[in-house]
Structure formats: structure tokens, C-alpha cells
Amino acid sequence: VWDLVDYWSKQAERRPRTQMEVNTTFERFVACNGNLAPGAIQKQHIVKLKDWLLEKGLAAATVRKAINLVSAVF
């Protein structure tokens, strides 16, 4: 997963806050699903992340933003 994040980061200049949010989101993704290869990630992994974040008490808007960041990186 981290290779994908690095690739995304190098495609354009990113604001530091955006980069931090992407890193945090993917740290959470790895904590939830493990460090999967980008090609192995399926919809079920994203749904699991969403449910996991909600269980951790994050606000729905924060979870939505995290899912949007994952989408942007892909």
C-alpha cells in the first residue's frame, strides 16, 4: 500500500496537511486490513475500513473524508 501512497505523493505537489491526512488514513487502513498489495484491495476492504473507523468513534464526516482520500490515491 505504501508504494501506492508514495506514487500518489510524487504525482503533484501536495499540501502538508493533505499528505498528513493521507498518511493517517493509510496507517488506519493497514491497521484494519494489513499491508495489502494495491492490486489485492477490493471493495470489501474499504467497507471493513469504514466500519472499523465508525467503531473507533470517528465522526461520519471524518470517515467519509477518509474513504474519499483512499479513492483519490487510487
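Quick notes on the rules
Residues numbered from 1 in each chain as written. Predicted model: local features only at pLDDT ≥ 70, side-chain atom pairs only at ≥ 80, totals over all residues. Heavy atoms only, no water. Helix = DSSP H or I, 4+ residues; strand = E, 2+ residues; numbered from the N terminus. Rg over C-alpha atoms; globule rule 2.2 N^0.38 Å. Buried < 20%, exposed > 50% of the residue type's maximum accessible area, 1.4 Å probe, protein only. Contact = heavy atoms within 4.5 Å. Lys, Arg positive; Asp, Glu negative; His and termini not counted. Charge placed at Lys NZ, Arg CZ, Asp CG, Glu CD. Core = buried A, V, L, I, M, F, W, Y, C linked by side-chain atoms within 4.5 Å. Axes fitted to C-alpha atoms, helices over the stretch in contact; angles between N-to-C directions. Parallel < 35°, antiparallel > 145°, perpendicular 65-115°, else oblique. Left-handed = near helix turned anticlockwise from the far one by under 90°.

Right, let's talk about the overall build of the protein for a bit. Scanning the protein for helices and strands turns up 4 helices and 0 strands. Shown N-terminal to C-terminal, the secondary structure of the protein runs as helices and strands in the order α-α-α-α. Taken against the 2.2 N^0.38 rule, which gives 11 Å for 74 residues, the C-alpha radius of gyration of the protein at 12 Å falls within 12% of a compact globule. For the protein, the spread of C-alpha atoms along the three principal axes comes to 35 × 25 × 15 Å. Going through the 74 residues of the protein one by one, you find that 31% of them count as buried. In the protein, 48% of the contacts between residues at least 6 apart in sequence involve partners at least 24 apart. Separation between the mean location of the 11 positive side-chain charges and that of the 7 negative ones in the protein comes to 6 Å.

What follows deals with the nonpolar core. Within the largest apolar cluster, 18 residues are counted, with the highest numbers of intra-cluster contacts made by Val1, Val22, Phe26, Phe29, Ile41, Leu49 and Val73. Elements with a contribution of two residues or more to this core: helix H1 (2–11), helix H2 (16–33), helix H3 (43–55) and helix H4 (60–73). Of all the elements, H4 adds the most residues to this core, at 5 residues. Ignoring anything within four residues of it in the chain, the contact list for Phe26 reads Val1, Trp2, Val5, Val70 and Val73.

On to the packing of H1 against H2, then. Two numbers describe how H1 lies on H2: the axes approach to 11 Å, and their chain directions differ by 165 degrees. Taken together, the axis directions place H1 and H2 in an arrangement best described as roughly antiparallel. Both H1 and H2 take part in a crossing whose hand is right-handed. For the pair H1 and H2, the contacting residues are Trp2, Val5, Trp8 and Ser9 in the first and Thr18, Gln19, Val22, Asn23, Phe26, Glu27 and Val30 in the second.

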